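So the chains spell out like this:
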Amino acid sequence: MRAYPRLILTAVTAIICMSLLVQTFNAGQGTSVHPASHLAREARSLQSNQIEAGNSSSYSGALDSQSSVEKQRYIIEMMRHAWNNYKLYAWGKNELKPISKRAHLSSVFGSGEMGATIVDGLDTLYVMGLTDEFREGRDWIAEHFNINEIDSELSVFETTIRFVGGLLSCYALTGDTIFRDKAAEVADALLPAFETPTGLPYALINPSTKASRQYHWAGPNSILSELGTLHLEFSYLSDVTGREVYRNKVDKIREVLYNIEKPGDLYPNFINPRTGQWGQRHISLGALGDSFYEYLLKAWLASNRGDEQARTMFDTAMQAALDKMLRVSPSGLAYLAELKYGRVIEEKMDHLSCFAGGMFALAATTLENSLSERYMDVARKLTHTCHESYFRSETKLGPEAFRFSNAVEARAQKSNEKVYILRPETFESYFIMWRLTKEQKYRDWGWEAVQALEKHCRVEGGYTGLTNVYHQNPQGDDVQQSYFLAETLKYLYLLFSDDSLLSLDEWVFNTEAHPLPIKGKNPLYRMASTPVPIEDNRV
């Protein structure tokens, strides 16, 4: 494996260019020193000297006027707290119940020992320079992770973005082939779900029995945001393995969606994989639709702008979405409503939609066209609205969904909307908006969120979601989501980093915040040297 030059972090910047920062972890000897371990060691010292279990929140407040490096150190400690408690109480299981201090057995991946938190959080550990923790996670994957032993139904979408995406990110960062090979094993286990008349995959698959089916609540339909959020991972996997089978699967999905008639240039959330016809005409940039549009833009970016079809599909759909779905409240807050059969059905916005500020900003700054100015204006306004949903709650954390009417704006009204489940989408937009605009408010808002997380979500056994963000002393939901380590803490950490760490010019983040290299621009793309022969290119 190739080794990359090591540079020592300076007291001035604390972060160096990622292409120089990356060190390959030697799988055989288990020895390697990440250049950012200097920062990790300082963070450990910071924990022992300044952060004690009882006053972590007061320390976060004391950092209000301190440097970005100090804030990064603090977020590293948050990561270590989440990781160490998962290791202590739920190691090898999928997620942690931080209040009960035991494994969470009813997660999206069930009770099996897939190590979802390990795989999801591993690249965050690497980026933060937590090399000891990274190595123990890597070794667990090498010794214990076997997708084919799982005898339960898995979401094709969730397994792709968290497992295939997380493993491929670690492969790009380190060059350790165990990650590439495990990613291919996971993708191979998912391939039977694509065996439909149209090539559109079913939602669920059992890796042991190979049986696939849809969610009961979706009837015969697959979900747009799920089948449309596989392209980055499967395309990159083909390039690093030399096996075209993965790319062929997602290219078929693209072909179907490109050719199908689209109502008003938009894509409904439900499509039948047997007939290739739309289900109910529900359209959303939140739940059920969101990341499909994100991946159109990011497929174009990841291909070094070679996938022009994806960008055209994105711009066409976004022009229609902004014309038909962008709303403005009486006080001037912009938000994205949902449509059904061409009409707005509810004046509300999902927390999941809060990624859109960052998405529109990326679209505005990566291609100058007739939509660029409008994209950036919308990016600013949507990110502001999402911040307002946080600011208007007693905990300063945002609800799962928020509504707009003459009586209420940017606040949840239904009890199931008032929860905060450690979601990252708002912080993702803060991160991208900071990188692209350098407006200080985005870092300020991010630090407000860190303080709120520490005050309300941190418990002795990790980090918990909240059942009601409008209570001053909210009850925890007792779940530390794997994406809290993969996304929430990663985006907050990167918000305070130098631009050269995972530069947006060289990396694209999948929808689970796993960074994948841009083809032709990032030396860590690690293209396979020779394609696999056709006869060996099957599962």
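Model, not experiment: these values are computed from the prediction.

Here is what the cut-offs are and how they apply
- Residues numbered from 1 in each chain as written.
- Predicted model: local features only at pLDDT ≥ 70, side-chain atom pairs only at ≥ 80, totals over all residues.
- Heavy atoms only, no water.
- Helix = DSSP H or I, 4+ residues; strand = E, 2+ residues; numbered from the N terminus.
- Expected span 1.5 Å × (residues − 1).
- Buried < 20%, exposed > 50% of the residue type's maximum accessible area, 1.4 Å probe, protein only.
- Pairing = 2+ DSSP bridges.
- UniProt positions renumbered as here; feature names shortened; annotations may be inferred.
- 1 Å grid on protein atoms, 1.4 Å probe; cavity = no way out; pocket = protein on both sides within 12 Å on 5 of 7 lines; lining within 4 Å.
- Contact = heavy atoms within 4.5 Å.
- Salt bridge = Lys/Arg side-chain N within 4 Å of Asp/Glu carboxyl O.
- Points joined across faces, edges and corners; volume = space filled by probe spheres on them.
- Nonpolar A, V, L, I, M, F, W, Y, C, P; charged D, E, K, R; others polar.
- Phe/Tyr/Trp six-rings, centres within 6.5 Å; stacked < 30°, edge-to-face > 60°.
- Polar contact = N/O pair within 3.5 Å; in protein donor to acceptor, adjacent residues only side chain to side chain.
- Disulfide = S-S within 2.5 Å.

Caption draft 1: Inspection of helix α6 (residues 131-144) at higher detail. End to end, α6 covers 20 Å across 14 residues, agreeing with the expected 20 Å (1.5 Å per residue, within 8%). Every buried residue belonging to α6 is among Thr 131, Glu 133, Phe 134, Arg 135, Gly 137, Arg 138, Trp 140 and Ile 141, and all of these are buried.

Caption draft 2: Examining unusual backbone geometry more closely. For Asp 478, which is not a glycine, the phi torsion comes out positive at approximately 65 degrees. Using a relative accessible area of 9% as the deciding quantity, one classes Asp 478 as buried. One non-glycine residue, Ala 513, lies in positive phi territory at about 70 degrees. Take Ala 513: it is sitting in the loop between β18 (507-509) and β19 (515-517).

Caption draft 3: View of the sheet that holds strand β5 (residues 212-213). Taken in spatial order, the three strands of this open sheet run β3-β4-β5, and their pairing is antiparallel. Of all the strands in the sheet, the pair left with one neighbour each is β3 (154-155) and β5. Pairing analysis gives two bridges linking β3 to strand β4 (residues 204-205), with the strands arranged antiparallel. Bridge pairing in β4 links Leu 154 to Ile 205.

Caption draft 4: Looking closely at the UniProt feature "active site" (unreviewed entry) in the chain. Look at the UniProt record and you will see "active site" (unreviewed entry) annotated at Glu 158, Asp 290, Glu 400 and Glu 425. Checked against the lining of the largest pocket, the annotated residues reduce to Glu 158, Asp 290 and Glu 425. Mapped onto the elements, Glu 158 comes out in helix α7 (residues 156-174). Given the relative accessible area of 16%, Glu 158 is considered buried. Topologically, Glu 400 is positioned in the loop between α15 (372-391) and β14 (401-404). Excluding residues within four positions of it along the chain, Glu 400 makes contact with Asp 350, His 351, Asn 416, Glu 417, Val 419, Ile 421 and Arg 423.

Caption draft 5: Structural detail: the pattern of salt bridges. For the coordinates displayed, the defined rule picks out 41 salt bridges. Measuring nitrogen to oxygen at the nearest pair gives 2.8 Å for the salt bridge that ties Arg 138 to Asp 176. Pair noted here: Arg 138 is in helix α6 and Asp 176 is in the loop between α7 and α8 (177-190), with a separation of 38 residues, a long-range link. The two residues Arg 138 and Asp 176 agree in class, both being buried. The shortest N-O distance in the salt bridge between Lys 348 and Asp 350 comes to 2.9 Å. Each member of the pair Lys 348 and Asp 350 is classed as buried. When salt bridges with common partners are traced through the structure, they connect Glu 95, Glu 158, Arg 162 and Glu 512 into a single cluster.

Caption draft 6: Geometry of the layout of surface pockets. Approximately 690 Å³ is the volume attributed to the largest pocket. Lining the largest pocket are 31 residues, and of these Phe 157, Glu 158, Arg 162, Leu 352 and Arg 423 lie nearest its centre. Looking at the lining of the largest pocket, the elements that each hand over two or more residues are α7, α9 (224-227), α12 (290-302), α16 (425-437) and α18 (482-495). Each residue belonging to the lining of the largest pocket can be placed in one class, and the counts come to 14 nonpolar, six polar and 11 charged.

Caption draft 7: Representation of the packing of aromatic side chains within the structure. In this structure the tally under the stated criterion is 30 aromatic pairs. A centroid spacing of 6.3 Å and a plane angle of 85 degrees characterise the contact between Tyr 267 and Trp 278, whose relative ring orientation is edge-to-face. Highlighted residues: Tyr 267 in the loop between α11 (245-259) and β7 (270-271) and Trp 278 in the loop between β7 and β8 (282-283), separated in sequence by 11 residues. An identical accessibility class is assigned to Tyr 267 and Trp 278; each is buried. Centre to centre, the rings of Tyr 390 and Phe 427 are 5.7 Å apart; their planes meet at 70 degrees, and the pair counts as edge-to-face.

Caption draft 8: Just empty space enclosed by the protein, in detail. Going through the model one piece at a time under the given rule, you end up with five cavities of 30 Å³ or more. Approximately 110 Å³ is the volume attributed to the largest cavity. If you go around the largest cavity, you meet 14 residues; those closest to its centre are Gly 228, His 231, Ile 253, Arg 254 and Phe 292. Class assignment of the residues belonging to the lining of the largest cavity gives a composition of 10 nonpolar, three polar and one charged.

Caption draft 9: A look at the side chain of Asp 315. With respect to the helices and strands, the residue Asp 315 is situated in helix α13 (residues 308-324). Within polar-contact distance, the side chain of Asp 315 engages the side chain of Tyr 375 at 2.7 Å. Residues contacting Asp 315, with those up to four places away along its chain left out, are Leu 367, Asn 369, Leu 371 and Tyr 375.

Caption draft 10: Quick look at the pairing of strand β12 (residues 343-346). As paired elements, strand β11 (residues 338-340) and β12 share three bridges and run antiparallel to each other. The residue of β12 that forms the bridge with Lys 340 is Arg 343. In this antiparallel pair of consecutive strands, β11 and β12, the connection spans two residues, and Tyr 341 shows a positive phi of 50 degrees.

Caption draft 11: Fine view of the state of the cysteines. All chains considered together, the criterion is met by one disulfide. Sulfur-sulfur distance for the disulfide between Cys 354 and Cys 386 comes to 2.1 Å. One disulfide, between Cys 354 and Cys 386, carries an S-S torsion of -95 degrees and so falls in the left-handed class. With Cys 354 in the loop between β13 (348-350) and α14 (356-366) and Cys 386 in helix α15, the pair connects residues that are 32 residues apart, well separated along the chain. Note on accessibility: Cys 354 and Cys 386 belong to one class, buried.

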